[in-house]
Amino acid sequence: MANVTLQDVRKVYPNGFEAIYPCSFEVPDGEFVVLVGPSGCGKSTLLRMVAGLEPITEGDLSIGARIVNDVDPADRNIAMVFQNYALYPHMTVAKNMGYGLKNRGTSKAEIDKKVRAAAEMLNLSDYLDRRPSQLSGGQRQRVAMGRAIVREPDLFLFDEPLSNLDAKLRNQMRIEVRALQRRLGVTSMYVTHDQVEAMTMADRIIVMNAGRIEQIGTPGEIYGRPASTFVASFMGAPPMNLLNGMAGDGAVRLDGGEQVPHAPVNGHAGALMVGIRPEDVLLSEAGDLAFNVHIVEELGALRLLHGEVGGQAFSVSVAKDQNAQVGQTRLSVKPSSVHLFDAAEGRRL
Amino acid sequence: MADIAETSQTVPLAARKAAATRRRRRIKPGDVVDHTILILGALLMLVPVWMVFASAGHDAVLIHREGLQFWFGDQLGENFRAALLEKGGFTDSVNGVTMLTNSLILGLGFAVGKILVGMTAAYAIVYFRLKFGTLAFWMIFTTLLLPLEVRILPSYEVVQNMGLANTYTGLIVPLVASATATFFFRQFFRSVPEELIEAARIDGAGPWKFFVDILIPLSRTMIAAMFIIMFVYGWNQYLWPTLITTDESLFTLVRGIRQIVQAYADGSTTPEYGQAAALAIIAMVPPVLIVVFFQRWFVKGLTESDK
Ligand SMILES: Nc1ncnc2c1ncn2[C@@H]1O[C@H](COP(=O)(O)OP(=O)(O)OP(=O)(O)O)[C@@H](O)[C@H]1O
Ligand SMILES: [Mg+2]
């Protein structure tokens, strides 16, 4: 078990591309941290630097008490689960799981014991003699997990481990992975671009964008107090509505002219962005904002209404029992659910 | 009820299908042409083999008088025995068994050597950040354009000066450096997923363990294919062994056949055509066996695709 500390870690690829701008954060012992962000934002790069598969250009990385910048991946006492599992195709499940131990000179009996225990935990006991090609995707995923846990590492690294599975299996594995990690108490870093995975699995989420960390926080903080318009629109489905507005005289007006209630103006003035989550408004004839509904999307448990507020695109989600039609209606905004962002940089105000 | 209704419907359907198949089976002119070409091609390949096999059963005088035979004679056993066991050549020091052994040593040494050199070279080029790795590869690659025959004189000179003439080492080693094997293994290694290497690194497999535990087993089918090609290639070498071995105890089968037939040119006796034919048959068998044996393995490896 160990905590992971990054101190001004930076990555420039040999071709001169700056994939990670200097960033610092700490993952406490036993925590499950999810790195999330759009494709190409540098999540894998960051994870691979922690694994030791990619050299660190600048800054210090420590796992536990020691700085491991120049330590070989094999000696960092980590385990990694890859997106395409990366199982050794010619080895049986048992051999796959035991290979790392074998290379460390663990005795045969000991390897056998550990592999059996891990297989038991992952419901793989019946498959120990099979080759990876004779397993389903979910089983292969489990073998990859098994290979990670038999090593009893200080740190688990996951790079989009569930993205090759179908939606149903993904939900199930999500829960399994999380339960397993809780049980073993191993510090974990998990990369995904799926915000649902991020929200449901993480103790803390690190939201990344274009090589920079946008925000670090618990799922509640990320969702409830997004630090930027990027985080606001990236986390949450449907995403937060972002409207152009103007502050002045202790009030915020949308560009369409309507005043936004409950806006925490706090003396701001000038152009800004107003963020309101689709589920933070209620349809009511006595509401504060005029809402012109263009399309109603039926999602079963929810309905999504897409339309305009003051000429700007706006979406609302309502419970299935609420009546909703295309046409003019009004919205009332729940108190303390209006987020204000700097218009130029998108930072939270 | 539903079952019965269904069967009563499927019967005529099946009948109609069968009729359709019969109609489709009717021979089309195109098929005749295709098959004629196929059969002629097969005959072109097989008849000479057959003739050699049949001729191996006759004595030399008959063949000398009447040419190659189409049907078995009574000398088959005798010719094979003589071909294998009777000493021949100028110095009467080499028999068929020795030549067979020499050919096997050459074929195996050649195939194994080429695979080893090719694999290790490709491993170095693909997995290590060598300063001039790419340059080295392309230099090796261009030697594909230069077959042994082009460099045969300098190679001979070198081997001779090293005192390796008339040794197995001199026979095999100069042939071993191979652009072909290096090229194929390079292409194969490049297709091995990057993650597999990374997983192995994290699992604590160093370069040597990765090569032995992972790369070699993954390359099984590639190795088998290379082995077939290289063994047959080595087995059939003629020019190089002729140059480098003057000692008859190092003669290969391919040379031995020629040796027998050459007696005619020397004018002294009738060449032992029957024995030459028997020897030719013996020379054909190991490559055929290798292909048959490895092909099975090869197909198995391909169908059990694990990559
Ligand atoms: N070897 C490399 N050389 C140069 N640039 C690279 C290299 N590897 C990755 N990059 C660039 O670095 C950026 C970050 O890549 P990375 O693989 O970390 O993205 P990611 O966040 O994991 O994306 P995804 O969700 O698609 O996996 C990308 O813009 C990519 O093009
Ligand atoms: Mg990635």
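Residues numbered from 1 in each chain as written. Chains lettered and ligands numbered in written order. Predicted model: local features only at pLDDT ≥ 70, side-chain atom pairs only at ≥ 80, totals over all residues. Heavy atoms only, no water.

**Student:** Is there a simple way to think about a nonpolar patch on the surface in this case?
**Tutor:** All names here are of chain B. On the surface, a cluster of nonpolar side chains totalling about 930 Å² of accessible area is made up of Leu38, Ile39, Leu40, Leu43, Val47, Trp50, Phe70, Trp71 and Phe72. Tracing the sequence through the fold places Val47 in helix H2 (residues 29-55). Exposure remark for Val47: the relative accessible area of 30% places this residue in the partly exposed category. (Patch = residues over 30% accessible without salt bridge, like charges linked within 9 Å, V, L, I, M, F, W, Y side chains within 5 Å. Areas by Shrake-Rupley, 256 points an atom, 1.4 Å probe, with all protein chains shown as cover. Salt bridge = Lys/Arg side-chain N within 4 Å of Asp/Glu carboxyl O. Helix = DSSP H or I, 4+ residues; strand = E, 2+ residues; numbered from the N terminus. Buried < 20%, exposed > 50% of the residue type's maximum accessible area, 1.4 Å probe, protein only.)

**Student:** Looking at this model, I keep getting lost on the sheet that holds strand E4 (residues 58-63) of chain A. Mind explaining?
**Tutor:** The pairing of strands in a sheet happens through backbone hydrogen bonds and is either parallel or antiparallel. Reading across the sheet, the 4 strands line up as E2-E1-E4-E5 (chain A) and stay open at both edges, with antiparallel pairing between neighbours. A strand with exactly one partner marks an edge of an open sheet, and here the two such strands are strand E2 (18-27) and strand E5 (66-67) of chain A. (Pairing = 2+ DSSP bridges.)

**Student:** Can you help me understand the interface of chain B and chain A in this one?
**Tutor:** A common way to express how large an interface is: the accessible area buried when the components associate. Contacts between the two partners involve 19 residues from chain B, matched on the other side by 26 residues from chain A. Carbon and sulfur atoms supply 54% of the area that chain B and chain A bury against each other, a total of about 1900 Å² over both sides. Taken as a group, Arg201, Ile202 and Asp203 of chain B account for 36% of the area that chain B buries against chain A, more than any other trio of residues on that side. At the junction of chain B and chain A, the tally comes to 2 salt bridges. On inspection of chain B and its partner chain A, the count reaches 11 residue pairs in polar contact (both at pLDDT 80 or more). (Contact = heavy atoms within 4.5 Å. Buried area = accessible area lost by both parts, 1.4 Å probe. Polar contact = N/O pair within 3.5 Å; in protein donor to acceptor, adjacent residues only side chain to side chain.)

**Student:** Can you walk me through the environment of Val36 of chain A in this structure?
**Tutor:** All names here are of chain A. Note on placement: Val36 falls in strand E3 (residues 32-36). Here the alpha-carbon distance between Val36 and Ser233, two residues 197 residues apart in the chain, equals 13 Å. In this structure Val36 touches Lys43, Thr192, His193, Asp194, Ala198, Ile205, Ile206, Val207, Met208, Phe234 and Met235, once residues within four positions along its chain are discounted.

**Student:** Please clarify how helix H4 (residues 137-150) of chain A should be interpreted in this entry.
**Tutor:** Side chains three or four residues apart in an α-helix point the same way, a direct result of the helix having 3.6 residues per turn. Compared with the 20 Å implied by 1.5 Å per residue over 14 residues, the 20 Å span of H4 of chain A between its first and last C-alpha is a close match. The buried fraction of H4 of chain A is high, at 12 of 14 residues. Every buried residue of H4 of chain A is accounted for by Gly138, Gln139, Gln141, Arg142, Val143, Ala144, Met145, Gly146, Arg147, Ala148, Ile149 and Val150 of chain A. Those residues of H4 of chain A that are buried lie in contact with strand E6 (78-81), helix H2 (93-103), helix H3 (108-121), strand E7 (155-159) and helix H5 (167-184) of chain A together with helix H10 (194-202) of chain B. Positioned one or two residues after H4 of chain A, Glu152 of chain A has a phi angle of 50°, which is positive. (Expected span 1.5 Å × (residues − 1).)

**Student:** Please clarify how the pairing of E7 of chain A should be interpreted in this entry.
**Tutor:** Looking along a regular strand, one sees the side chains alternate between the two faces of the sheet. Residue and element names in this part refer to chain A. Here E7 lies mainly inside the structure; 5 of its 5 residues are buried. The side-chain alternation of E7 yields two buried faces, one formed by Leu155, Leu157 and Asp159 and the other by Phe156 and Phe158. Pairing analysis gives 4 bridges linking E6 to E7, with the strands arranged parallel. By the bridge assignment for E7, Ile78 is matched with Leu155. The sheet contact formed by E7 and strand E8 (residues 187-192) spans 5 bridges and is parallel. Within the sheet, the bridge partner assigned to Phe158 lies in E8 and is Tyr190. Running through H5, the crossover from E7 to the neighbouring parallel element E8 is right-handed. (Right-handed = clockwise from strand over helix to strand, strands pointing away.)

**Student:** Mind showing me how you'd approach the pattern of salt bridges here?
**Tutor:** Side chains that differ in sign of charge can pair as their charged atoms come close. Residues and elements named next belong to chain A. Under the defined criterion, the tally for this structure stands at 14 salt bridges over all chains. Notably, a salt bridge pairs Glu110 with Lys114, separated by 3.8 Å at the nearest N-O pair. In this pair, Glu110 and Lys114 are both assigned in helix H3, 4 residues apart and thus about one turn of the helix distant. Classification of Glu110 by relative accessible area gives partly exposed; the value is 29%. Between Arg142 and Glu176 there is a salt bridge; the shortest N-O distance is 3.2 Å. Here Glu176 lies in helix H5 and Arg142 lies in helix H4, a separation of 34 residues in the sequence.

**Student:** Honestly, the confidence of the model for chain B in this entry has me stumped. Any pointers?
**Tutor:** All names here are of chain B. When pLDDT is averaged along chain B, the result is 80; 83% of the residues meet or exceed 70. Every residue in residues 1-10 is under pLDDT 50, and counting partners more than four places away or in other chains gives 0 contacts. Across the interfaces of the predicted complex, the ipTM metric reaches 0.84, alongside a pTM of 0.80. (pLDDT = per-residue confidence, 0-100.)

**Student:** What exactly am I supposed to notice about the site of ligand 1 here?
**Tutor:** Residues and elements named next belong to chain A. Close to ligand 1 lie 13 residues, the nearest being Ser39, Gly40, Lys43, Ser44 and Thr45. At 3.2 Å from an oxygen atom of ligand 1 is found a main-chain nitrogen or oxygen belonging to Cys41. One nitrogen or oxygen atom from the side chain of Glu160 is found 3.1 Å from an oxygen atom belonging to ligand 1. Per-element accounting of the shell around ligand 1 gives the leading share, 3 residues, to helix H1 (residues 43-51). Within the shell around ligand 1, the residues separate by chemical class into 4 nonpolar, 7 polar and 2 charged. (Near = heavy atom within 4 Å. Nonpolar A, V, L, I, M, F, W, Y, C, P; charged D, E, K, R; others polar.)

**Student:** Looking at this model, I keep getting lost on unusual backbone geometry. Mind explaining?
**Tutor:** Apart from glycine, the bulk of residues carry a negative phi angle, and the bulk of peptide bonds sit in the trans form. Residue and element names in this part refer to chain A. A cis amide bond, omega -5°, links Ala237 with the succeeding residue Pro238. Here Pro238 lies in the loop between helix H8 (229-234) and strand E11 (241-248). Residue Tyr85 is not a glycine yet carries a positive backbone phi of 70°. Mapped onto the elements, Tyr85 comes out in the loop between E6 and H2. Even without glycine at this site, Glu160 takes up a positive phi of about 45°. With respect to the helices and strands, the residue Glu160 is situated in the loop between E7 and H5.

**Student:** For this particular structure, what's the right way to read the domain arrangement of chain B?
**Tutor:** Residue and element names in this part refer to chain B. Here the domain parsing of chain B yields domain 1 (1-55) and domain 2 (96-303). Across the boundary between the two partners, domain 1 contributes 4 residues, which contact 5 residues of domain 2. The interface formed by domain 1 and domain 2 holds 0 salt bridges in total. There are 0 residue pairs in polar contact (both at pLDDT 80 or more) connecting domain 1 and domain 2. Classifying every residue of the side of domain 1 that touches domain 2 gives 3 nonpolar, 1 polar and no charged. (Domains from an automatic or database assignment.)

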